[in-house]
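# Coordinate analysis (summary)
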Amino acid sequence: MVLLQPHLDPAKCPNAGGNGNASAFSDPQWDFYLIAVLAGWLLSIVVEQLLPVTWRHRARSDIAARGLAAVLSATGASCVLICSVLTVCR
């Protein structure tokens, strides 16, 4: 996010004072790329939870609780990160 330098102040958006959709990034394609990167991150967490290595010496309930906690925390962190950036210029 530091390298992409999104606008975090609505007054600095390209459409400030007007209506319509604008991107918080200098390249509007990053609106899609950011979602794709976060979806890939969530998919990699799900795959990690499905690997047998993560199940060693754990009960089924521990596996399910750990997997659910990992997926929910990653989803929550992604939503907090992406909502604040993608809605600033809308």
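Quick note: structure is the one above.
The model shown is predicted, which means the values in this text are computed figures rather than measured ones.

### A word on the overall build of the protein
Check the secondary structure of the protein and you find 2 helices and 0 strands. Principal-axis analysis of the C-alpha atoms gives the protein an extent of 60 × 20 × 20 Å. Counting only carbon and sulfur atoms, one obtains 67% of the accessible surface of the protein, whose full area is about 6,400 Å². Taking the average place of the 6 positive charges on the side chains of the protein and the average place of its 5 negative ones, the gap between the two points comes to 12 Å.

### Considerations on a nonpolar patch on the surface
A grouping of Leu 43, Val 46, Val 47, Leu 50, Leu 51 and Val 53 is seen on the molecular surface, where their side chains present a nonpolar patch of about 530 Å² in accessible area. Locating Leu 43 in the fold gives a position in helix 1 (residues 30-50). Residue class for Leu 43 comes out exposed when judged on its relative accessible area of 54%.

### Notes on the side chain of Ser 78
Assignment of secondary structure puts Ser 78 in helix 2 (residues 60-86). Setting aside chain neighbours within four positions, we find Ser 78 in contact with Leu 38 and Trp 41.

### Side note on the side chain of Thr 54
Along the chain, Thr 54 falls in the loop between helix 1 and helix 2. Among the polar contacts listed, one links the side chain of Thr 54 to the backbone oxygen of Leu 51, at a separation of 2.7 Å. The contact partners of Thr 54, leaving out residues within four places of it in the chain, are Glu 48, Gln 49 and Arg 66.

### Regarding helix 1
The terminal C-alpha atoms of helix 1 lie 30 Å apart, and with 21 residues this matches the ideal 30 Å at 1.5 Å per residue to within 8%. For helix 1, the full list of buried residues reads Asp 31, Leu 34, Leu 38, Ile 45 and Gln 49. The buried residues of helix 1 occupy an angular sector of 75° when projected down its axis, which confines them to one face. Exposed side chains of helix 1 directed beyond 90 degrees from the buried face belong to Phe 32, Val 37, Leu 43 and Leu 50. Turning to helix 1, the residues buried within the fold contact helix 2.

### What to know about unusual backbone geometry
The backbone phi angle of His 57 is positive, close to 55°, even though this residue is not glycine. Tracing the sequence through the fold places His 57 in the loop between helix 1 and helix 2. Taking relative accessible area as the criterion, His 57 reaches 84% and is therefore assigned exposed.

### Comments concerning the environment of Pro 14
Inspection of the secondary structure puts Pro 14 in the segment before helix 1. In the structure, Pro 14 is positioned 10 residues away from Ala 24 in sequence and 8.2 Å away in space, judged by C-alpha atoms. Those residues in contact with Pro 14 that lie beyond four places of it in its chain are His 7, Ala 22, Ser 23 and Cys 89.

Conventions used here
- Residues numbered from 1 in each chain as written.
- Predicted model: local features only at pLDDT ≥ 70, side-chain atom pairs only at ≥ 80, totals over all residues.
- Heavy atoms only, no water.
- Helix = DSSP H or I, 4+ residues; strand = E, 2+ residues; numbered from the N terminus.
- Areas by Shrake-Rupley, 256 points an atom, 1.4 Å probe, with all protein chains shown as cover.
- Lys, Arg positive; Asp, Glu negative; His and termini not counted.
- Charge placed at Lys NZ, Arg CZ, Asp CG, Glu CD.
- Patch = residues over 30% accessible without salt bridge, like charges linked within 9 Å, V, L, I, M, F, W, Y side chains within 5 Å.
- Salt bridge = Lys/Arg side-chain N within 4 Å of Asp/Glu carboxyl O.
- Buried < 20%, exposed > 50% of the residue type's maximum accessible area, 1.4 Å probe, protein only.
- Contact = heavy atoms within 4.5 Å.
- Polar contact = N/O pair within 3.5 Å; in protein donor to acceptor, adjacent residues only side chain to side chain.
- Expected span 1.5 Å × (residues − 1).
- Arc of directions from axis to C-beta.

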